[in-house]
Amino acid sequence: MLIILFLGIIGLLFMTAPPPDVTGQLHDVYKTMLHGGTSMSLNGTTKILAYLFGLCATGTLCLFIIVGAVRKGKLDGIRPWLIFASVAYLIVYSLTYFADASYVSTGHTRFFLGWPIPTAWMIYAMWATPILFMLIYIFKFRDWILTEEDEARFKELVDARKAAES
Amino acid sequence: MEEYRNPIILSAVGLYMFLCIVVGIWAYRKTKSSHDFFMAGRNLGVVVTAFAVFSTTLSGFGFVGGPGLVYRMGMSSIWMVVIAVLGFSLTNFLHGKRLRLLSELGNSKSLPDVVFLRYNNNNTRILIAIAIILGVFGYLATQILAMSVVLRDILTETEMFSSMTLEMSMVISCSILVFYSVTGGIIASVYTDLVQGGIMIVAAILIFLTVMYTFDGGITEMNQVIQADDPAAIGPWGTLGMVGCMSWLLMFGLGGSGQPHVITKLMMNKKVSDAKHILPVSIMGYLFSGLLWIGIGLVMRALVVSGQHPELAAPDEAASQFLQHYAHPVLAGIVFAGLFAAIMSTADAFLNIGTAAIMHDIPKAIGKKIKNELQWARITTGLITIIAAFFALWASNNGDLVALLGAFGWGTFAAAIVPVVTLGFNWKRGTAIAANVAVIASLLINFIVKIGKFSVPYGIDIGALSMLVALFLFITISFVTKPDVLEADVAEVMDM
């Protein structure tokens, strides 16, 4: 469903008329550089579609991680952790997006640890939040990802296949 | 010290190449069979596997193209680095266990081998092998060309080699690459990756420290200079815009799990449970190396717009200009060695999977048994390099074919392999017919859009779009076709 929704949003984006400079334009002075063009957040329709596009992209990434964590058709032992990490990631994405929308409309120039506020969200939060997924993988590995029973059973399967082939 | 800059750089690159030769000779003694040649005997430790994963991911593009993109577009391409933690985690959740288990169960020597085990369909195996070969020639030719251009530029700065041609520098650099790839196969490849990864981390950290002190006010002043010129450039989406950046996030996050040269490394570790240690080590390595990408690109943009440095002739000169004018000669030497390391670590991985596809997968799919597979694998590795080198030379004089193939190599792999391998290995309902349609559709979309030079609105990455379409086809066709009957042990492993 998410993939269909994603393709639907892309279809809607294709139906809008993008401003010619939406992906940047040549810099007035330096020809090897691009200069920012019209932001999508300045138009009501493209603002929503752009946000949903990003939400689908981040949501697809989280969904695939969840698919990889399914074991014997279930998610029992790891579900709350993955939901927490996914929700945290989607919230951080939303905060980055809305911080940038405010940056574009108001021209705020406040900095946080070296970066404009929306970029600081990107650098510090969007980069770091997925560490939650990494920690889940490390600390739930033996409980859920690959239990010792599964590993022992796998050895039996390998031995059985070798015996059948020989 | 400044007058010795070129000899220092040359010495660092020469020392690195000598190390590659030593590793090649050592690995030759350890390579006893084609299984060793392609899969390193499935005997790699945590650190070696982790370094191989991250250094293979970060090709020469990360050292040259990446800073060039940041210089040209501001923050846009930094999403390719920001996605690293999520992307590597996703790859491990989806492949760290099941791909590794299935490859051991089938005693597989290549990714198409495991694909055959999963789908029990030779057409799927051949299609994946063809997708790999197409991507390999494009990517490999690009890497060889980049390696030769950099070596020529370094050598022509010295008096002794001032008349060095591109052809001659290609012969020198390819000889080193062929030597260790032919003699030691994947064992030489992953152990040189270890050396290469180490050099890349050291180079990136030192460069980032240099970048931090280029402006008196540090990173804040650098970013304020860029913001004063163009607020969008230092905003989170850079000049590309939000949708284009998010499509890159998807392409490099999910698409990373469809890169055969990277995920085959996850089939080679000794113990399946090592995956939990491999993940954090590879993430750390990539993050440190990514600092170079970000740092050089931003500082060169700031230096140019503040009038402290003349405008670059081309964005890809960002790294070389910074090293030449702002880095200590010894650091410049380390970074140039790191650049060769980045290019070679990716090139040798492509050589390995390309050789496996040609020498092992396609003959097996059409029912041909190759005698003395190890010897033929070595011959094929040499031949692929020679063909790719001629292809690179020809294309560099006849338009932008190599750049075109190289540019969509990542997207081609992602669109073809993500549905079939990333999803298909974690979803038993996926069928072989759906897999075949998804691979064909993804290749056609990529080729038609790139060759026809169609533009996609809002800067949406074509690889991301074709990957989504291929995923949609794979899921939909799987649901409407009769489920495949899997072998009992394969089905049980997929349930684990």
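A brief structural summary. These numbers come from a predicted model, not from an experiment. (Residues numbered from 1 in each chain as written. Chains lettered and ligands numbered in written order. Predicted model: local features only at pLDDT ≥ 70, side-chain atom pairs only at ≥ 80, totals over all residues. Heavy atoms only, no water.)

### A few points about the overall build of chain B
Across its full length, chain B holds 23 helices and 0 strands. The C-alpha atoms of chain B give 22 Å as radius of gyration, which agrees with the globular expectation for 496 residues (23 Å, within 12%). For the C-alpha atoms alone, the extent of chain B along its principal axes is close to 65 × 50 × 45 Å. The buried share among the 496 residues of chain B stands at 67%. Contacts spanning at least 24 positions in sequence make up 84% of the contacts within chain B whose residues lie at least 6 apart. For chain B, the accessible surface area stands at approximately 16,000 Å², while carbon and sulfur atoms represent 66% of it. (Helix = DSSP H or I, 4+ residues; strand = E, 2+ residues; numbered from the N terminus. Rg over C-alpha atoms; globule rule 2.2 N^0.38 Å. Buried < 20%, exposed > 50% of the residue type's maximum accessible area, 1.4 Å probe, protein only. Contact = heavy atoms within 4.5 Å. Areas by Shrake-Rupley, 256 points an atom, 1.4 Å probe, with all protein chains shown as cover.)

### Quick notes on helix H13 (residues 242–253) of chain B
Residues and elements named next belong to chain B. Between its first and last C-alpha, H13 extends 16 Å over 12 residues, near the 16 Å set by a 1.5 Å rise per residue. Among the 12 residues in H13, 12 count as buried, and that is most of the element. Residues of H13 that are buried include every one of Met242, Val243, Gly244, Cys245, Met246, Ser247, Trp248, Leu249, Leu250, Met251, Phe252 and Gly253, and no others. (Expected span 1.5 Å × (residues − 1).)

### Focus: the interface of chain A and chain B
Facing 80 residues of chain A, the contacting portion of chain B comprises 86 residues. Summed over both partners, the interface of chain A with chain B comes to about 7,200 Å²; 75% of that surface belongs to carbon and sulfur atoms. For the pair chain A and chain B, the number of links is 3 salt bridges. Its salt-bridge partner being Glu492(B), residue Arg153(A) comes within 2.5 Å of it at the nearest N-O pair. Summed over the shared surface of chain A and chain B, the result is 24 residue pairs in polar contact (both at pLDDT 80 or more). Take the side of chain A that touches chain B: its biggest share by element is 14 residues, from helix H2 (residues 44–69) of chain A. The class makeup of the residues in the side of chain A that touches chain B is 53 nonpolar, 18 polar and 9 charged. (Buried area = accessible area lost by both parts, 1.4 Å probe. Salt bridge = Lys/Arg side-chain N within 4 Å of Asp/Glu carboxyl O. Polar contact = N/O pair within 3.5 Å; in protein donor to acceptor, adjacent residues only side chain to side chain. Nonpolar A, V, L, I, M, F, W, Y, C, P; charged D, E, K, R; others polar.)

### Observations concerning empty space enclosed by the protein
Residues and elements named next belong to chain B. Taken as a whole, this structure holds 4 cavities of 30 Å³ or more when the rule is applied. Size it by volume and the largest cavity reaches roughly 50 Å³. As for the largest cavity, its lining consists of Phe38, Met39, Lys109, Ser110, Leu111, Pro112, Ile132, Thr264, Asn352, Ile353, Ala356 and Asp361. Going through the elements one at a time, helix H2 (34–39), helix H8 (111–119) and helix H17 (329–365) are the ones with two or more residues in the lining of the largest cavity. Residues that form the lining of the largest cavity fall into these classes: 7 nonpolar, 3 polar and 2 charged. (1 Å grid on protein atoms, 1.4 Å probe; cavity = no way out; pocket = protein on both sides within 12 Å on 5 of 7 lines; lining within 4 Å. Points joined across faces, edges and corners; volume = space filled by probe spheres on them.)

### Description of helix H21 (residues 432–451) of chain B
An α-helical turn contains 3.6 residues, so any two residues separated by three or four positions project in the same direction. All names here are of chain B. The terminal C-alpha atoms of H21, which comprises 20 residues, lie 28 Å apart, in line with the 28 Å expected from a rise of 1.5 Å per residue. Those residues of H21 that sit buried are Ala432, Ala434, Ala435, Asn436, Ala438, Val439, Ala441, Ser442, Leu443, Asn446 and Val449. Lining the buried residues of H21 we find H8, helix H9 (122–156), helix H20 (409–423) and helix H22 (462–480). One or two steps after H21, the chain reaches lysine 453, where phi turns positive at roughly 55 degrees.

### Examining the packing of aromatic side chains
Scanning all chains against the criterion turns up 20 aromatic pairs over all chains. Note on Tyr137(A) and Phe141(A): the rings are 5.5 Å apart at their centroids and 70 degrees apart in plane angle, and the pair reads as edge-to-face. Ring centres of Trp427(B) and Phe474(B) lie 6.0 Å apart, and the angle between their planes is 70 degrees; on these two criteria the pair is classed as edge-to-face. Here Phe474(B) lies in helix H22 and Trp427(B) lies in the loop between H20 and H21, a separation of 47 residues in the sequence. Judged by relative accessible area, Phe474(B) falls into the buried class, the value being 0%. Clustering of aromatic rings is evident, with ring pairs tying together Tyr51(A), Tyr93(A), Tyr97(A) and Phe98(A). Across the ring face of Trp144(A), the terminal group of Arg71(A) is positioned such that the distance to the ring centre comes to 4.9 Å. The aromatic ring of Phe116(B) is capped on one face by Arg125(B), whose charged end is 4.2 Å from the ring centroid. (Phe/Tyr/Trp six-rings, centres within 6.5 Å; stacked < 30°, edge-to-face > 60°. Lys NZ or Arg CZ within 6 Å of the ring centre and 35° of its normal.)

Any functional reading would require information that these geometric values do not contain.
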